[in-house]
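Descriptive analysis of the structure
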Amino acid sequence: MSRLKEDFLWGGALSNVQAEGGYLEDGKGLNVYDTLEVVPEPGIAPMFCDTAVATDHYHHYKEDIDYMAEMGFKAYRFSVVWSRIHPMGDDEKPNEAGLAYYEDMVDYLLEKGIEPVVSLVHFDMPDHLAKEYNGFLNKKVIDFYEKHVASVVERLKGKVKYYITYNEINLAPYHPSLVAGAHKPDDMNQEELFAQLTVNVEVAHAKAVEVIKRIDPKAQVGGMLGHAPFYPLTCKSEDILAADFKNKMHNYLPFDIMTSGELPVYFLNFMNQRHISVDYSEEERRIVKSASTKLDYLAFSYYRSNVQSSFEDIEDLTELENAILFDNRGLKNPHYQANEWGWQIDSEGLRYSLVDFYHRYHKPLFIVENGIGIDEKLVNGKVYDDERISYYQKHITSIKRAVLHDGVDLMGYLAWSPIDFLSSHKEIRKRYGFVYVNRDFEDLLDLKRYPKKSFYWYQKVIQTQGEDLDNQVDY
Ligand code: BG6
């Protein structure tokens, strides 16, 4: 193959809860992102916005989609905010205004020739489910999620071809409040939480697959994780073992379960060593197994790679594994530069990840997030984001190598993101968009949209099917 296939899904992705605002409009309830108390990333000054307005995508979505169409998007991934559909989460009936809003969005995308890719939970569990039920640690919440999925798919069936069950499912045990609406009960240790939450979110994913396939058998469903490969700090076997353990538990575990329908041996061993038994019924096992036969593709986000070492100060192997899992010592890779937030830029790591996943799972892959956060200012209506262009140039080169040279089956590439939004840490300072949204940390200004230089660069990339990455933009 010398070119990416004609139906390659070029486009972008957004997390609606981070962009919409309109946070109590049309019956929406508060969710875990609205109420999140942010712990800043290491070394970052706290400058967190509230979510009332965000970048006002709620009111600008047609204009924002027009920009996507102008860039030539073939596909656009967005998330249906759960607390717009079921404001409390345990409501008997879905909120009609919420369903109508997303149906309208889908209709508008289709009108513009853009294929919607719909995520069913993305940091947006109704806060009531987190506070009253402890989120996905409670099996009842899996049933509420199943109901949410059914409400959305019933409404969008025949219009949406691609679904993603659960955004960055592997991060649930690391950021339980934002990703799973859960907190660690006093009578549970961190490893127990890790094990039970992993099982519960996998059951939630599996039930979503079953519901989607029952309601709309033609829809294609993917599982999704937040991928960052861990490289051994040195070529010492201790470091290689440490990185291997981390990669299994952090990256592969959800895909291993989703694709085989079984809990992998290394995970069972992790639990056995710690005398952990999880609540996992025969019926749940049956559903997880059944869903594994129906999964169409594997989706992932990729921003960076990480480094893992063994720790010489810890002798006990179980303690050492716990430290590898939970004790982030901020190790850096000497070969890569980082953005301001310390995220190291490793474009060839994306090729490595694609090849690794493809050979491990033999399923079509879908990159559904990739991008760089930059602190940017609008000057005379312009943003010269050459750093973003350079990031994308390198990463798209890398995916082309994975597809054209290594033979990976890749469905598409969705950049993060078409427009500016609040970061997962509620920062407006960390911008990702091809389109700048005019607001500051405290001052909402006029929320006007301005295409950045990268907007025109990406437009040309899509036009040329990824051939012209060096295009000079007249901006
Ligand atoms: C992924 C999330 O973790 O990374 C997004 O799915 C998030 O919601 C993105 O915005 C970038 O991370 P951050 O923390 O810079 O917003």
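The text that follows walks through the structure, step by step, so that each part is easy to find. Along each chain, residues carry numbers from 1 onward, in the same order as the chain's sequence is written. Reporting of local features is limited, given that this is a predicted model, to residues whose pLDDT is at least 70; pairs of side-chain atoms are given and counted only at 80 or more, and all residues count toward the totals for whole chains, interfaces and linings. No hydrogens and no water enter the side-chain calculation; it runs on all heavy atoms of the structure.

Right, let's talk about unusual backbone geometry for a bit. Most of the time, phi is negative for any residue but glycine, and the peptide bond is trans. One non-glycine residue with positive phi stands out, namely F123, at about 60°. Structurally, F123 can be placed in the loop between β3 (115–119) and α5 (127–133). By relative accessible area, F123 is classed as buried at 8%. One non-glycine residue with positive phi stands out, namely N134, at about 65°. Following the sequence through the fold, N134 ends up in the loop between α5 and α6 (139–156). Think of it this way: any DSSP run of H or I at least four residues long counts as a helix, any run of E at least two long counts as a strand, and we number them from the N terminus. Classification of residues uses two cut-offs on accessible area relative to the type maximum, computed with a 1.4 Å probe and protein chains only: under 20% is buried, over 50% is exposed, and between them is partly exposed.

A few words on the side chain of R429. Within the secondary structure, R429 sits in the loop between β10 (410–415) and β11 (435–437). According to the relative accessible area criterion, R429 is buried, its value standing at 18%. For the purposes of these results, a polar contact is taken to be a pair of N or O atoms within 3.5 Å, where, inside protein, one atom must be able to donate a hydrogen and its partner to accept one; residues adjacent in sequence count only when each atom of the pair is a side-chain atom. A polar side-chain atom of R429 sits 3.3 Å from a polar atom in the side chain of E340. Any two residues having at least one pair of non-hydrogen atoms within 4.5 Å are treated as being in contact. Among all residues touching R429, those that are not within four sequence positions of it are I44, M47, E340, W341, I374, D375 and E376.

Turning next to the site of the ligand. The ligand sits among 15 residues. The nearest are Q18, E168, S424, K430 and Y432. Taking Q18, its side chain carries an N or O atom lying 2.6 Å from an oxygen atom of the ligand. One of the side-chain N or O atoms of H122 is found 2.8 Å from an oxygen atom in the ligand. Surface accessibility in these figures is a Shrake-Rupley result with a 1.4 Å probe; residues are shielded only by whichever protein chains are displayed. Contact with the protein chains covers 95% of the free accessible surface of the ligand, which is 370 Å². Classifying every residue of the shell around the ligand gives 6 nonpolar, 6 polar and 3 charged. A molecule or strand has a residue near it when one of that residue's heavy atoms lies within 4 Å. Throughout, the ten residues Ala, Val, Leu, Ile, Met, Phe, Trp, Tyr, Cys and Pro are labelled nonpolar, Asp, Glu, Lys and Arg are labelled charged, and all others, Gly among them, are labelled polar.

A few words on the environment of S423. Mapped onto the secondary structure, S423 falls in the loop between β10 and β11. The class of S423 is buried, set by a relative accessible area of 3%. Taking the C-alpha atoms as reference, S423 lies 38 Å from H275; in sequence the two are 148 residues apart. The contacts of S423, once residues within four sequence positions are left out, are Q18, Y33 and K430.

For the rest of this paragraph, the subject is the packing of helix α8 (residues 190–215) against helix α11 (residues 282–292). Where α8 meets α11, the closest approach of the two axes is 8 Å, and the angle between their N-to-C directions is 60°. One way to sum up the angle between α8 and α11 is to call them oblique. For α8 against α11, the interelement crossing comes out left-handed. Taking contact as the criterion, the partners of E202, V203, A206, K207, V209 and E210 in α8 are, on α11, E284, I287, V288, S290 and A291. For the contact of α8 with α11, a count of residues per class yields 6 nonpolar, 1 polar and 4 charged. In this analysis, axes come from line fits to C-alpha atoms, helices being fitted only over the stretch in contact, and the angle between any two N-to-C directions falls in the range 0 to 180 degrees. Oblique is the label for any angle not covered by the other classes, which are roughly parallel (under 35 degrees), roughly antiparallel (over 145) and roughly perpendicular (65 to 115). By the definition used in this description, the sense in which the near helix is turned from the far one sets the handedness, with an anticlockwise turn below a right angle giving left-handed and a clockwise turn giving right-handed.

Let's shift gears to the nonpolar core. Membership of the largest hydrophobic core comes to 164 residues, with the highest contact counts inside it found for F136, F267 and Y458. When residues of this core are assigned to their parent elements, the largest contribution, 14 residues, is made by α8. Nonpolar cores were defined as sets of buried Ala, Val, Leu, Ile, Met, Phe, Trp, Tyr and Cys residues, with membership established by side-chain atoms within 4.5 Å.

What follows covers empty space enclosed by the protein. Buriedness of a pocket was judged along seven lines, with at least five required to meet protein on both sides within 12 Å; pockets are open sets of points on a 1 Å grid over the protein atoms alone, cavities are sets where a 1.4 Å probe fits but cannot get out, and lining residues have an atom within 4 Å of a point. Grid points are joined across faces, edges and corners, and a volume is the space filled by probe spheres set on the points. For the coordinates displayed, the defined rule picks out 5 cavities of 30 Å³ or more. Of the voids in this model, the largest cavity is the one considered here, and its volume is about 60 Å³. I169, N170, P173, Y174, F194, T198, V201, E202, M249, H250, L253 and P254 are the residues that line the largest cavity. Counting residues per element, the ones that place at least two in the lining of the largest cavity are α8 and α9 (237–260). Of the residues contributing to the lining of the largest cavity, the split by class is 8 nonpolar, 3 polar and 1 charged. Taken as a whole, the second largest cavity spans an internal volume of roughly 50 Å³. Lining the second largest cavity we find Y303, N339, W343, I345, G371, I372, G373, Y391 and Y432. For the lining of the second largest cavity, the class distribution of residues is 6 nonpolar, 3 polar and no charged.

The buried fraction of strand β5 (residues 220–227) is high, at 7 of 8 residues. Note: strand β4 (residues 162–164) against β5, 3 bridges, orientation parallel. Within β5, the position partnered with I164 by the bridge is G222. A pair of strands counts as paired when DSSP detects no fewer than two bridges linking them. As defined by bridge partners, β5 adjoins strand β7 (residues 297–302) across 6 bridges and the pair is classed as parallel. Each bridged residue has a counterpart across the sheet, and for L225 the counterpart in β7 is F300.

A word on the pattern of salt bridges. A pairing counts as a salt bridge when a side-chain nitrogen of Lys or Arg comes within 4 Å of a carboxyl oxygen of Asp or Glu. Summed over the entire model, instances satisfying the criterion amount to 40 salt bridges. Here D107 and K159 are joined by a salt bridge, their closest N and O atoms 2.9 Å apart. Here K159 lies in the loop between α6 and β4 and D107 lies in helix α4 (residues 96–111), a separation of 52 residues in the sequence. Owing to a relative accessible area of 30%, D107 belongs among the partly exposed residues under this scheme. For K453, the salt bridge is made with D386, and the minimal N-O distance between the two is 2.6 Å. Placement of the pair is K453 in helix α15 (residues 453–463) and D386 in helix α14 (residues 386–405), with a sequence separation of 67 residues. Owing to a relative accessible area of 15%, K453 belongs among the buried residues under this scheme. Salt bridges sharing partners connect three or more residues here, namely E376, D385, R388, D420, R431 and K452.

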